[in-house]
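Structural overview for review
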Amino acid sequence: MRLLRCLGKRAALAGVPTYIEHFSKFSPSPLSMKQFLDFGSSNACEKTSFAFLRQELPVRLSNIMKEINLLPDRVLRTPSVQLVQSWYVQSLLDIMEFLDRDPEDQATLGQFTDALVTIRNRHNDVVPTMAQGVIEYKEAYGDDPVSNQNIQYFLDRFYLSRISIRMLINQHTLLFDGSTNPAHPKHIGSIDPHCSVANVVRDAYNMAKLLCDKYYMSSPDLEIEEVNASNSQQPISIVYVPSHLYHMLFELFKNAMRATVESHENSPRLPAIKVMVALGQEDLSIKVLTGAWVVPLRKIERLFSYMYSTAPTPQLGTGGAPLAGFGYGLPISRLYAKYFQGDLQLFSMEGFGTDAVIYLKALSTDSVERLPVYNKSAWRHYQASQEAGDWCVPSTEPKNTSTYRVP
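Residues numbered from 1 in each chain as written. Predicted model: local features only at pLDDT ≥ 70, side-chain atom pairs only at ≥ 80, totals over all residues. Heavy atoms only, no water.

1. A short note on the sheet that holds strand β6 (residues 343-349)
- One open sheet accounts for five strands, arranged β2-β4-β5-β7-β6; its pairing is mixed. Only two strands of the sheet have a single neighbouring strand rather than two, namely β2 (222-228) and β6. Taken over all neighbouring pairs, the strand axes of this sheet differ in orientation by 15 degrees on average, direction set aside.
- The pairing of β6 with strand β7 (residues 353-361) spans seven bridges and is antiparallel. By the bridge assignment, aspartate 343 is partnered in β7 with tyrosine 359.
- Packing of helix α11 (residues 242-263) onto the sheet brings it into contact with β2, β4 (273-279), β5 (283-290), β6 and β7, and relative to β5 it is tilted by some 20 degrees. (Pairing = 2+ DSSP bridges. Helix = DSSP H or I, 4+ residues; strand = E, 2+ residues; numbered from the N terminus. Axes fitted to C-alpha atoms, helices over the stretch in contact; angles between N-to-C directions. Contact = heavy atoms within 4.5 Å.)

Structure follows, in C-alpha cells:
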C-alpha cells in the first residue's frame with residue numbers, strides 16, 4: 001500500500017510541468033468588488049463558485065509559478081524559496097484532483113472547501129518564508145543590481161498574486177462553510193459593504209499602540225478628521241475588505257510611532273499622529289501625517305524595496321509581532337492598495353516630516369482586481385541586463401577639458 005501511494009505521488013509530481021504549461025497559457029480573470037459583492041449577497045451558488053475556482057485558481061497559480069522559475073538560479077537554490085515552490089506545487093496538485101469531479105455531488109463540494117482551507121493554511125507563512133529566502137540570498141551573494149531588479153519585479157507580482165488567490169479562497173470558504181461569523185454578520189465573505197474607515201483606522205492604531213507601548217513604554221495619541229465631499233454630515237464608509245485596509249494602516253502606524261518615539265526621546269510629550277480621511281467622487285484618500293518620520297527624497301523608493309529595511313531583522317519563530325523587521329511591510333501594504341486599483345504613496349519634506357497617503361477607489365465598480373499575467377513582456381523583464389545609464393553621472397570635480405587634444 002505504501003509503495004502504491006509513493007508511486008501515485010511520483011506520477012502526480014511528474015504531471016506538474018504539464019499542468020503549469022497548460023494553465024499558464026490562460027490569463028487570469030479579474031473580478032470587481034461589485035462582482036464579489038453581488039455574487040455573495042444575492043446569487044451565492046456553491047456549484048458556480050466551485051466550477052469557477054477549479055479553473056481560475058490553477059490559472060493564477062500557474063502564471064506565477066512560471067515566473068518563479070525565471071528567478072536567478074542563486075535565488076532559486078535558497079532553501080526558503082525551494083520550500084515556497086513545494087507549497088505551490090502541492091496546492092496545484094490539490095486543485096487538480098477536482099478538475100473532473102461532479103459539481104452536483106455535495107460531498108465533492110464539501111471536500112473542495114476543505115481542500116481550500118488546507119491550501120490557505122499551507123500558504124500562511126509564504127511572505128516571511130520568501131523574505132527569509134531573500135535574506136539567505138543576500139548573505140550568500142551580496143548585492144547584485146541586476147538580480148535585485150529581477151527580485152523586486154518578481155516579488156511585487158508574486159505577493160500581489162498571493163493576495164488575489166487568498167481573496168478567492170476566503171470568499172468561497174466564508175460563504176459556503178455553513179457558518180456565519182458572529183463578529184461580522186453583515187460581511188459578504190471578507191467584504192464589508194459598509195466599511196467604516198474611521199473604525200478601521202482606530203483598530204489599526206490601537207494595535208500599533210499596544211506594540212509601541214510594549215517596546216518603548218509610551219506612544220503618541222491619534223487625531224482623526226473626516227471630509228465627506230458628498231455628505232459632510234455622514235461618516236465615511238465604502239465597500240472594501242477591512243483586513244486589507246487594516247494591514248496598510250497598521251504598517252503606517254508602526255512606522256510613524258517608531259519614528260515619533262525615537263525622535264522625541266527627551267521630550268515630555270509626544271506629538272499626535274494625525275489622520276485625515278477624504279471621500280470624493282472617484283477616490284477615497286487616507287493621509288497619515290507625522291512630523292517625526294523624516295525620510296530624504298532619495299530614500300523614499302528604497303522604503304518600498306524588499307532588499308531594504310531600517311530595522312534589525314527579526315528571527316522566524318520567535319513569536320510576537322515585531323515593530324519593524326524584514327523590510328516587506330511597506331511594499332506589501334502598497335500591493336494591498338494596488339490590488340483593487342488604489343495606491344500607497346509617501347511624500348517627504350526632510351527637516352519637517354513624511355506624509356503617507358492611501359488611495360482607494362470610492363466606487364465598487366471601479367475596484368477591479370489588478371493581476372499579474374505571464375507573457376513575453378513579463379519574460380523580458382527577467383532577461384534584462386545592467387546597461388550604461390543614458391543620463392550623466394554627477395562628479396565632484398569638473399573635468400579639465402584643456403588637457404584633451406582636439407582631433
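2. Observations regarding the packing of helix α3 (residues 33-41) against helix α9 (residues 145-176)
- Direction vectors running N to C along α3 and α9 enclose 15 degrees, while the axes themselves pass 11 Å from each other. Classified by the angle between their axes, α3 and α9 sit roughly parallel to one another. Remark: the crossing between α3 and α9 carries right-handed chirality. Residues Phe36, Phe39 and Gly40 of α3 lie in contact with α9, whose contacting residues are Met167, Leu168, Gln171, Leu175 and Phe176.
- Looking at the contact of α3 with α9 residue by residue, the class counts come to six nonpolar, two polar and no charged. (Parallel < 35°, antiparallel > 145°, perpendicular 65-115°, else oblique. Left-handed = near helix turned anticlockwise from the far one by under 90°. Nonpolar A, V, L, I, M, F, W, Y, C, P; charged D, E, K, R; others polar.)

3. Digging into empty space enclosed by the protein
- Counting across every chain of the model gives three cavities of 30 Å³ or more.
- Its boundaries defined by the atoms lining it, the largest cavity holds a volume of some 70 Å³.
- Tallied by class, residues from the lining of the largest cavity come to five nonpolar, one polar and three charged. (1 Å grid on protein atoms, 1.4 Å probe; cavity = no way out; pocket = protein on both sides within 12 Å on 5 of 7 lines; lining within 4 Å. Points joined across faces, edges and corners; volume = space filled by probe spheres on them.)

4. Details of α9
- An ideal rise of 1.5 Å per residue puts 46 Å on 32 residues; α9 measures up with 47 Å between its terminal C-alpha atoms.
- Where burial is concerned, most of α9 is hidden: 24 out of the 32 residues are buried. (Expected span 1.5 Å × (residues − 1). Buried < 20%, exposed > 50% of the residue type's maximum accessible area, 1.4 Å probe, protein only.)

5. As for the side chain of threonine 173
- With respect to the helices and strands, threonine 173 occurs in helix α9.
- Polar contacts involving the side chain of threonine 173 include one to the main-chain carbonyl oxygen of isoleucine 169, which spans 2.9 Å.
- If we ignore the near neighbours within four places in the chain, the residues touching threonine 173 are Thr113, Leu116, Val117 and Arg120. (Polar contact = N/O pair within 3.5 Å; in protein donor to acceptor, adjacent residues only side chain to side chain.)

6. Quick notes on the pattern of salt bridges
- With the rule as written, the count across this model stands at twelve salt bridges.
- For the salt bridge of lysine 209 with aspartate 213, the shortest nitrogen-to-oxygen distance reads 3.6 Å. One end of the pair is lysine 209 and the other is aspartate 213, both in helix α10 (residues 197-216) and four residues apart, which spans about a single turn.
- Its relative accessible area of 27% is what places lysine 209 among the partly exposed residues.
- Look at aspartate 213 and you get partly exposed, because its relative accessible area is 26%.
- Residues glutamate 262 and arginine 258 are paired through a salt bridge, measuring 3.7 Å at the closest nitrogen-oxygen approach. Taken together, the positions of glutamate 262 and arginine 258, both in helix α11 and four residues apart, correspond to about one turn of that helix.
- Residue classification places glutamate 262 among the partly exposed residues on the basis of a relative accessible area of 39%. (Salt bridge = Lys/Arg side-chain N within 4 Å of Asp/Glu carboxyl O.)

7. Quick word on the environment of phenylalanine 39
- With respect to the element layout, phenylalanine 39 can be found in helix α3.
- Taking the relative accessible area as the measure of exposure, phenylalanine 39 reaches 24% and is therefore partly exposed.
- Spatially, the C-alpha atom of phenylalanine 39 lies 10.0 Å from that of glutamine 171, the residues being 132 residues apart in sequence.
- Among residues more than four places away in sequence, those in contact with phenylalanine 39 are Ala44, Cys45, Thr48, Ser49, Leu175 and Phe176.

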